[in-house]
Amino acid sequence: MDHFLYRNERLFAEDCDVEQLAKDYGTPLYLYSRATLERHWHAFDSAVSSHPHLICYAVKANSNLAVLNVLARLGSGFDIVSGGELSRVLAAGGDPAKVVFSGVGKTVAEMELALNTGIMCFNLESGAELELLNEVAGRLGKKAPVSLRVNPDVDAGTHPYISTGLKENKFGIPMDEAELLFARAAELPHLEVTGVDCHIGSQLTELKPFLDAMDRMLALIDRLAAQGIVIEHFDVGGGLGVTYNGETPPHPDVYAAAILEKLNGRPLKLIFEPGRAIAANAGVFVTQVLYTKDNGDKRFVIVDGAMNDLIRPSLYGAWQNIIPAVKTDRATTRCDVVGPVCETGDFLGKDRELAAGSGDYLVVRSAGAYGFTMSSNYNTRPRAAEVMVDGDKAHLVREREKLSQLWQGEQLLP
Ligand code: LLP
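Quick caveat, the model's predicted, so the values are computed rather than measured.

Thresholds applied
- Residues numbered from 1 in each chain as written.
- Predicted model: local features only at pLDDT ≥ 70, side-chain atom pairs only at ≥ 80, totals over all residues.
- Buried ≥ 20, exposed ≤ 12 C-beta atoms within 10 Å, placed from the backbone.
- Helix = DSSP H or I, 4+ residues; strand = E, 2+ residues; numbered from the N terminus.
- Right-handed = clockwise from strand over helix to strand, strands pointing away.
- Domains from an automatic or database assignment.
- Contact = placed C-beta atoms within 7 Å.
- Nonpolar A, V, L, I, M, F, W, Y, C, P; charged D, E, K, R; others polar.
- UniProt positions renumbered as here; feature names shortened; annotations may be inferred.
- Core = buried A, V, L, I, M, F, W, Y, C linked by C-beta atoms within 7 Å.
- Axes fitted to C-alpha atoms, helices over the stretch in contact; angles between N-to-C directions.
- Parallel < 35°, antiparallel > 145°, perpendicular 65-115°, else oblique.
- Left-handed = near helix turned anticlockwise from the far one by under 90°.
- Pairing = 2+ DSSP bridges.

Draft legend 1. How the structure looks around the pairing of strand β11 (residues 191-197). Among the 7 residues that make up β11, 5 are buried, leaving the element largely enclosed by the rest of the structure. Read from β11 through helix α8 (residues 208-226) to strand β12 (residues 233-235), the crossover connection turns out right-handed.

Structure follows, in structure tokens:
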């Protein structure tokens, strides 16, 4: 459930009229709903309320400071993948003691920053990283809390670009090397083994791959216990899918209940790293129609938003619903919604039934996750403004980029 609903043919974000917001703030525009973000976070948190747990929102999905701050106020933890994301979490008032640091390529500088900040856990992904972190922590006179991300080799059944839990993917430590590396981590003086983690992919719409991964990970945790390596927390990663086009992913309640059943009384604290499930349907992308044109059989609706603003359709062939900000009774036609970027792959949607004319506003749904965070300045296009609505109030949470910011730091030759 989200808070983007029509009232008398006009789309509202909570109690704000979307077309009016587009006029007030300009387009292209990202719009987020605070109530939806909070609702989705609570759906996760209350699903596991009977068990020790921490929800660590995956910052990469949407890292706007206001989004992070709204979640921090709920007591959320954060899953980060860079020093930049850690700095954002701190700037947004997040608690470093609730931060887990994922990713295959942490640098020395990032390790130092995270150690000095006092994060909850490093999710390590290779033997080399483990040795380096031990060295860096030793130099700083610290002990680094670590978890090893193990690749359970299960097929997440999702798009190959966002599947991460197969042997052939770059992520995690192969299951057959895991015990050796845990033993190594346990003997290193500046590391403290606290957890095990996995993340098998994103936009999963079935429970089975999660549960297959659970079985393999729990068997590993039991083998480690037999060797005297006691694991305190199990981080199950993110990946729970959302509805873009009729998919029916499990509700967090169903997902959590299945996980708790698998846990079978083991006293492990559970960590979840949801990104998309919290942010995707808490945001929309609003764009204005510039022109329409017909090339033979094909009708194009040319809008002011493009692949540089929202790359998911171009990059993954992702389908996101496109709806009018104001419904009309004009006849619809089948059209491709395309942007001004000079690439054939620049489209937001293909073969959509819309009654869009010049000046109308269109709204791309489910754009709150991996929307703005994946945007770029390709074609020297300033990045969109971001607004968060809260009831009948709208707040500008990132101003539209100014052209001069785009070449800041560039130099002419002498
Ligand atoms: N934890 C780890 C270690 C991850 O790599 C990811 C996502 C998450 C958590 C959060 O996953 P989520 O709950 O959002 O599925 N750009 C792609 C998605 C890439 C996901 C990368 N990792 C997209 O737009 O579909």
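Having seen the model, we can carry on.
Draft legend 2. A look at the domain arrangement of the protein. Taken domain by domain, the protein holds domain 1 (4-32 + 280-406) and domain 2 (34-278). For domain 1 versus domain 2, the separation of C-alpha centres amounts to 32 Å. Contact residues are listed per partner, giving 24 residues for domain 1 and 20 residues for domain 2. Among the secondary structure elements, those contributing two or more residues to the side of domain 1 that touches domain 2 are β20 (385-390) and β21 (393-398). In terms of residue count, the dominant contributor to the side of domain 1 that touches domain 2 is β20 (4 residues). Here the side of domain 1 that touches domain 2 is composed, by residue class, of 12 nonpolar, 8 polar and 4 charged.

Draft legend 3. How the structure looks around the UniProt feature "modified residue: N6-(pyridoxal phosphate)lysine" (unreviewed entry) in the protein. In this structure's numbering, the residues bearing the UniProt feature "modified residue: N6-(pyridoxal phosphate)lysine" (unreviewed entry) are Lys60. The topology assignment puts lysine 60 in the loop between β5 (53-58) and α3 (65-73). When near neighbours in sequence (up to four residues on either side) are disregarded, lysine 60 contacts Val81, Glu85, Gly275 and Thr373.

Draft legend 4. Representation of the nonpolar core within the structure. Core analysis: the largest hydrophobic core is formed by 116 residues, its most contacted members being Val18, Leu31, Leu133, Val146 and Val286. No other element matches the 7 residues that α8 contributes to this core. Composition of this core by domain shows at least three residues from each of domain 1 (4-32 + 280-406) and domain 2 (34-278). With residues near it in sequence (within four places) discarded, leucine 31 still touches Ala13, Val18, Leu21, Gly283, Val284, Val286, Val387 and Val389.

Draft legend 5. Up close: the packing of α8 against helix α9 (residues 252-263). Packing of α8 against α9 brings their axes to within 10 Å, and their N-to-C directions diverge by 25 degrees. With respect to α9, the axis of α8 lies roughly parallel. Here α8 and α9 pass one another in a crossing that is right-handed. Contact residues: α8 offers Phe210, Leu211, Met214, Asp215 and Leu218, while α9 offers Tyr255, Ala258, Ile259 and Lys262.

Draft legend 6. Highlighting the UniProt feature "binding site: substrate" (unreviewed entry) in the protein. UniProt marks Arg276, Arg312, Tyr316, Glu343 and Tyr370 with the feature "binding site: substrate" (unreviewed entry), using the numbering shown here. Considering the C-alpha atoms alone, the annotated residues occupy 95 residues of sequence and remain spread out, their largest mutual distance being 27.1 Å. Looking at where arginine 312 falls in the secondary structure, it is placed in helix α11 (residues 312-316). Using a count of 21 C-beta atoms within 10 Å as the deciding quantity, one classes arginine 312 as buried.

Draft legend 7. How the structure looks around the sheet that holds strand β1 (residues 4-7). Pairing is antiparallel in the open sheet, where 3 strands are placed in the order β1-β2-β3. Each edge of the sheet is formed by a strand with only one pairing partner; in this case those strands are β1 and β3 (16-17). Where β1 lies against strand β2 (residues 10-13), 4 bridges are found, and the strand directions are antiparallel. Across the sheet, residue phenylalanine 4 finds its bridge partner in β2, namely alanine 13.

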